[in-house]
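Chain by chain, the residues:
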Amino acid sequence: MDYKSTLNLPQTAFPMKADLANREPLLLKKWQEGSLYQKILEKNKKGEFFSFHDGPPYANGNIHFGHILNKILKDFVVKYKNMNGFRSPFIPGWDCHGLPIEHQVDKELGPKKKTMSKGDIRRACREYASRYVTLQKEEFRRLGVLADWDNPYITMSPDYEATIAREFGKFVAAGSVYKGKKPVLWCTSCQTALAEAEIEYEEVSSPSIYVKFPLTDEAKASLPKLTGQKASLVIWTTTPWTLPANLAVALHPNYDYVAIKVSGEIFIVAKSLATNFMKTLDLEGEPEVIERFSGKQLERKKCHHPFLPRESLIILGNHVTMDAGTGCVHTAPGHGEEDFEIGKNYNLPLLTPVDARGRFTQEAGLKELEGLFVFEANKKIVDLLQGKNALVKEENFSHPYPHCWRCKKAVLFRATEQWFLSLSHNDLRGKALEAIRGVNWVPAWGRERIYGMIENRPDWCLSRQRSWGVPIVAFTCEGCGQILQDKKIIDRIVSLFEKEGTDIWFDKKTEELLPPGTDCPRCHGKNLRKEEDILDVWFDSGVSFAAVAEKRLSFPADLYLEGSDQHRGWFHSSLLASLGTRGVPPYKTVLTHGFVVDGEGKKYSKSAKNYLPPDKMLKNNGADVLRLWVAAEDYRGDIRISDEIIKRLAEAYRKIRNTARFILGNLSDFDPDQDKVSADSLWEIDRWALHTTQKLIERTRQGYEEFAFHLIFHEVNRFCTVDLSSLYLDILKDRLYTFAKTSPDRRAAQTALFEIITTLSRLIAPVLSFTADEIWAKIPPWKGGEASVHLSRFPTSQSRWIDEALGDRWSRFWRVRGEITKGLEMARQAKVIGNSLEARVTLSAEDETEALLQNFEKMLPDLLIVSQVTRSQTPLENPAPGTVFYKSTEIPHLLVTVEKAEGEKCARCWAFRTSVGKNPGHPLLCDRCREVLR
């Protein structure tokens, strides 16, 4: 007889080979055609609202691993919330205006751009952005992200553009917007102002110079010991090109300064920096101090400019630091934020002898500098100082320097006329700092990071000198220069934008935009010019709460989730925009993640040649392995990715999948509505498995609630590989395969497996979205079961299955079992046994271990997967040949003896039993298997 055919071997259509690259698109199509996203929201329509607001990625190029990390993290949150009954829409968005897109379009257009109007250029930009919105949408969808992909928000859509202009108008009406000339970060390549969020810092080497500013006679007279001597303030700078704009030298009001004698000259530096200054000059010993005095003694005195025929004012400022340099700070109000602010206190003029291209103008005061690019002028200025005997020391200095995020060129501070949002008006800065304390920041360090940025930032420069963006709605009288910004006019323009989009600002004439009869409120002139500048794109995305959260979600949003760079970007601009017009922050919780780096922690990029394109990784592994990568890595720091990491996670995925496959295979003949048994009919190991499953639910739920997704991965991975595969399922095989198909004992095992697999598939659904739904579809159907796992409810631990005493007892037993298996492994290596069922085990123990083994005595052969187990107080410490002895070093007094099992091997269950051969009808079977066949 073929006894194999009498076994209940696993049967399932759930394949061992994942083949995710081919199978996932089929599931996506099924979700899309079945309107899964809409069904989820419909099911939860009466649920509590969870407002998650998606920050808009930039519509420029294919998605990269940073995008993948970000969107999948968001999907984890939204899927989990929806599975908990919350009504949580996922409305994706795209940021479509700004310099990067215009920059790419300029490249594509080439010389043709010169023949095009602004409106035509904008239409080319719109087409370019639309192309990448469509592309990225499909790439995000391929990742298994469930969202309202057919109705995203787009910052270049007419309704959104109208919202941007409307929110700008609210600031104008409140008196918070002004136009003024002050230093801003300026890109000479892109020829526009930049925000701090558009800056990257690169290490550069600059000429580090110490320069003499000789004191005037009047200044020396205030320090009697210096009268008649050659005395100079010494400044230190790494930007020699800013010296033509120098108007002052700043000292600290609360620190002492010293006049020291060096090679016949007198140099004035801060007392605390004098010794270091001497070392810089390669001079040994302590400085010879001629005079010591407070910085206040030189306030409003003057010194001579080192190479221009004018004087520089000596001023005081708390911004002067004593960590480097000389404590005497070169001040050029036209080229620095702090210089500008301190300059206002002393009524210094705003000198900026540099044009938009970064070339010196006539204002520089030197013919040889005119037309020269500022960084190229550094050497000429150093040579000039040398010739004037004003250079004390020159050396190279490596330091981080700001660069444009788009063209990668070094930028400079340059005073230009711009539009600003005041942070002091209505105490917007103070309100922001107060609001930050009330927001939940994950991780917590985010609070201090953004607090410091808001605390120290200047007024918000709103204007950009480009074409592709929302125009600043303002008009200027050509006759008297009066700026016209009336709320009624802005409201009219907003309504036009809503109907026709912002291109009309550039396509229509001024009189077509303004209400008929509009004139200058000051001189009543009719010649009004519309503003050419556009709004900062961070204002575009910063007001997304008004365009999206208030209209389609709820406000304030429960969660914003982006990379840590958004503390100075979207989190920052959104906070100021919302507080300035609504008086509350736009979010309750802000979660930030780190950046993607390679396996060695280095920057991950195409230029670094350590980059595997996401589409190739998707093709090789599928989206669920990438989703597992996002869950497995701790996003609070930098997130590593490499082929090796992905291979390791693919292996972890395979173990989870195979665990599910084993369970599904053993439920092929199980009807959940008919075959379930009561809790009283379960074996104790079944109750342990269900208890362990409830603890997994609790830990997993905590992981989702606390956004600690890496803990979820580790818990699920351990549950599948250890608790299930290595312990419970391995032990269960005998009962599942060899017991009678419909026996209560086998049905008990299947009842536990059904509870486990329906729980496990729901626990992993937010992370392994494709695989969880694939598993769900292969579970035997039951009354009340949803069509998709994503329509089901996230599990809640059930108290009826929780038994802490039972859990503790089994935890102690598994520890003992681990030691016993060491003895079995020794016997295998000694070739005493092959398969563990060939073994007979004798155990000896004392105290608690003895009591524990006694408690499990009847189950020990099944739990150890051996044929016989005996217990003895006198084990063979000197075993006979063919016997292995193991003394545990982990558990005191536990002794294990392993020898060949008694009896013959059953042809059906493979256990060795003395009853084999005793029945003439089935001489190859043990009595238990004969009973099953009977």
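Being a predicted model, the structure only gives us computed values, none of them experimental.

Draft legend 1. Focus on helix H13 (residues 487–500). The terminal C-alpha atoms of H13 lie 20 Å apart, and with 14 residues this matches the ideal 20 Å at 1.5 Å per residue to within 8%. When H13 is considered as a whole, its buried residues turn out to be Ile489, Ile490, Ile493, Val494, Leu496 and Phe497. The arc that holds every buried residue of H13, seen down its axis, measures 165°, which confines them to one face. Exposed residues lying more than 90 degrees from the buried face of H13 are Lys488 and Lys499. Buried residues along H13 sit in contact with helix H6 (158–173), strand S20 (475–477), strand S21 (483–484), helix H14 (503–507) and helix H15 (510–513). Put simply, Asp486 is the residue that caps the front of H13, since its side-chain oxygen is 2.8 Å from the backbone nitrogen of Lys488. Gly501 occupies a position one or two residues after H13 and carries a positive phi of about 85°.

Draft legend 2. Quick look at unusual backbone geometry. The step from Val442 to Pro443 runs through a cis peptide bond, and the omega angle for that step is -5°. In this chain, Phe555 is followed by Pro556 through a cis amide linkage whose omega measures -5°. Residues other than glycine seldom take positive phi values, yet Asn347 does so here, at roughly 55°. Inspection of the secondary structure puts Asn347 in the loop between helix H9 (337–345) and helix H10 (377–387).

Draft legend 3. Focus on the pattern of salt bridges. For the coordinates displayed, the defined rule picks out 72 salt bridges. The closest approach of N and O atoms between Arg122 and Asp503, which form a salt bridge, is 2.8 Å. With Arg122 in helix H5 (residues 118–142) and Asp503 in helix H14, this residue pair connects regions lying 381 residues apart in the sequence. With respect to class, Arg122 is no different from Asp503; both count as buried. A salt bridge links Arg840 to Glu899; the shortest N-O distance between them is 3.2 Å. Of the two residues, Arg840 sits in strand S28 (residues 839–844) while Glu899 sits in strand S31 (residues 895–900), which places them 59 residues apart along the sequence. A single network of salt bridges, built from pairs that share partners, joins Asp120, Arg122, Arg123, Arg126, Glu161, Asp503 and Asp507.

Draft legend 4. Structural view of the sheet that holds S21. Strand order in this open sheet of 3 strands is S21-S20-S22, and the pairing throughout is antiparallel. The sheet terminates laterally at S21 and strand S22 (528–530), the two strands that pair on one side only. As paired strands, S20 and S22 are joined by 3 bridges and run antiparallel to one another. Note on S22: the bridge partner recorded for Thr476 is Arg529.

Draft legend 5. Looking closely at the packing of helix H22 (residues 684–705) against helix H24 (residues 744–764). For the pair H22 and H24, interaxial distance at closest approach is 10 Å and the crossing angle is 10°. One way to sum up the angle between H22 and H24 is to call them roughly parallel. Taken together, the residues of H24 that come into contact with H22 (itself represented by Asp686, Ala689, Leu690, Thr693, Leu696, Ile697, Thr700 and Tyr704) are Ala748, Ala749, Ala752, Glu755, Ile756, Thr759, Leu763 and Ile764. Taken together, the residues that form the contact of H22 with H24 break down as 11 nonpolar, 3 polar and 2 charged.

Draft legend 6. Region of the structure containing helix H26 (residues 804–829). The first and last C-alpha atoms of H26 sit 38 Å apart over 26 residues, in line with the 38 Å expected at 1.5 Å per residue. The N-terminus of H26 is capped by Asp803, whose side-chain oxygen sits 3.3 Å from the backbone nitrogen of Ala805. Within two residues after H26, Lys831 carries a phi angle of roughly 60°, on the positive side.

Draft legend 7. Fine view of the nonpolar core. Ranked by size, the top nonpolar core spans 155 residues in total, and within it Phe65, Trp629, Trp688, Phe709, Tyr728 and Trp810 carry the most contacts. The biggest single contributor to this core is helix H23 (residues 709–738), with 14 residues. Sequence-distant contacts of Trp629, that is, excluding residues within four places in its chain, are made with Phe65, Ile68, Leu69, Val596, Ile639, Arg640, Ile641, Ile645, Ile646 and Leu649.

Draft legend 8. Examining the packing of helix H1 (residues 20–33) against helix H25 (residues 769–778) more closely. Between H1 and H25, whose axes approach to 10 Å, the crossing angle comes to 75°. In terms of axis orientation, H1 runs roughly perpendicular to H25. Side by side, H1 and H25 meet where Leu20, Arg23, Glu24, Leu27, Leu28 and Trp31 of the first sit next to Ser769, Phe770, Thr771, Asp773 and Glu774 of the second. For the contact of H1 with H25, the residue count by class is 5 nonpolar, 2 polar and 4 charged.

Draft legend 9. Structural view of the pairing of strand S7 (residues 231–237). Among the 7 residues of S7, 6 are classified as buried, and the element is accordingly described as predominantly covered. As paired elements, strand S6 (residues 199–214) and S7 share 6 bridges and run antiparallel to each other. Looking at the pairing, Ile209 lines up with Thr237 of S7. Pairing of S7 with strand S10 (residues 265–270) involves 3 bridges; the strand directions are parallel. Along S10, the bridge assignment pairs Ala231 with Ile266.

Draft legend 10. Geometry of the sheet that holds S10. Here 6 strands make up an open sheet; going across it, the order is S11-S9-S10-S7-S6-S15 and the pairing mixed. Of all the strands in the sheet, just strand S11 (288–294) and strand S15 (391–404) have a single pairing partner and so form its edges. For this sheet, the mean inter-axis angle between neighbouring strands, taken without regard to orientation, is 25°. Relative to S11, strand S9 (residues 256–262) runs antiparallel, the two being bridged by 6 bridges. Bridging from a neighbouring strand, Lys261 pairs with Glu288 of S11.

Draft legend 11. Inspection of the side chain of Thr163 at higher detail. Note that Thr163 resides in helix H6. When its relative accessible area of 2% is taken as the criterion, Thr163 is described as buried. If we ignore the near neighbours within four places in the chain, the residues touching Thr163 are Val543, Ala546, Ala547 and Lys551.

Draft legend 12. View of the state of the cysteines. Counting across every chain of the model gives 0 disulfides. Cys303 takes part in no disulfide bond, and the closest cysteine sulfur to it belongs to Cys328, at a distance of 9.1 Å. Relative accessible area serves as the criterion here: at 0%, Cys303 is assigned to the buried category. The thiol sulfur of Cys461 is not disulfide-bonded, and the nearest other cysteine sulfur, from Cys187, lies at 14 Å.

Draft legend 13. Up close: the environment of Lys741. Among the secondary structure elements, Lys741 is positioned in the loop between H23 and H24. Given the relative accessible area of 43%, Lys741 is considered partly exposed. Setting aside its immediate chain neighbours within four residues, Lys741 contacts Asn8, Asp669, Arg746 and Arg747.

Draft legend 14. Examining the side chain of Thr352 more closely. Residue placement: Thr352 occurs in the loop between H9 and H10. Under the relative-accessibility criterion, Thr352 is labelled buried at 8%. Not counting chain neighbours up to four residues away, the residues in contact with Thr352 comprise Gly334, His335, Glu363, Arg414 and Ala415.

Draft legend 15. A look at empty space enclosed by the protein. All told, the structure shown has 4 cavities of 30 Å³ or more when counted by the stated rule. The calculated volume of the largest cavity comes to roughly 80 Å³. Together, 14 residues line the largest cavity, and Gly98, Leu99, Glu198, Arg464 and Val537 are the ones closest to its centre. Its residues placed into classes, the lining of the largest cavity shows 9 nonpolar, 2 polar and 3 charged. Looking at the second largest cavity, its volume works out to about 60 Å³. Taken together, Leu628, Ile656, Tyr704, Ile712, Phe713, Val716, Leu763, Ile764, Val767 and Leu768 form the lining of the second largest cavity. Those elements that place two or more of their residues in the lining of the second largest cavity are H23 and H24. Among the elements that take part in the lining of the second largest cavity, H23 stands out by supplying 3 residues, more than any other. In the lining of the second largest cavity, the residues fall into 10 nonpolar, no polar and no charged.

Draft legend 16. Spatial organisation of the environment of Arg292. Counting through the fold element by element, Arg292 comes out in strand S11. On the accessibility criterion, Arg292 (52% relative accessible area) is exposed. Sequence separation between Arg292 and Ile268 is 24 residues, and the spatial gap between their C-alpha atoms is 9.4 Å. Ignoring anything within four residues of it in the chain, the contact list for Arg292 reads Asp256, Tyr257, Val258 and Lys271. Of the polar contacts made by the side chain of Arg292, one reaches the side chain of Asp256; its length is 3.0 Å.

Criteria and thresholds
- Residues numbered from 1 in each chain as written.
- Predicted model: local features only at pLDDT ≥ 70, side-chain atom pairs only at ≥ 80, totals over all residues.
- Heavy atoms only, no water.
- Helix = DSSP H or I, 4+ residues; strand = E, 2+ residues; numbered from the N terminus.
- Expected span 1.5 Å × (residues − 1).
- Buried < 20%, exposed > 50% of the residue type's maximum accessible area, 1.4 Å probe, protein only.
- Arc of directions from axis to C-beta.
- Contact = heavy atoms within 4.5 Å.
- Polar contact = N/O pair within 3.5 Å; in protein donor to acceptor, adjacent residues only side chain to side chain.
- Salt bridge = Lys/Arg side-chain N within 4 Å of Asp/Glu carboxyl O.
- Pairing = 2+ DSSP bridges.
- Axes fitted to C-alpha atoms, helices over the stretch in contact; angles between N-to-C directions.
- Parallel < 35°, antiparallel > 145°, perpendicular 65-115°, else oblique.
- Nonpolar A, V, L, I, M, F, W, Y, C, P; charged D, E, K, R; others polar.
- Core = buried A, V, L, I, M, F, W, Y, C linked by side-chain atoms within 4.5 Å.
- Disulfide = S-S within 2.5 Å.
- 1 Å grid on protein atoms, 1.4 Å probe; cavity = no way out; pocket = protein on both sides within 12 Å on 5 of 7 lines; lining within 4 Å.
- Points joined across faces, edges and corners; volume = space filled by probe spheres on them.

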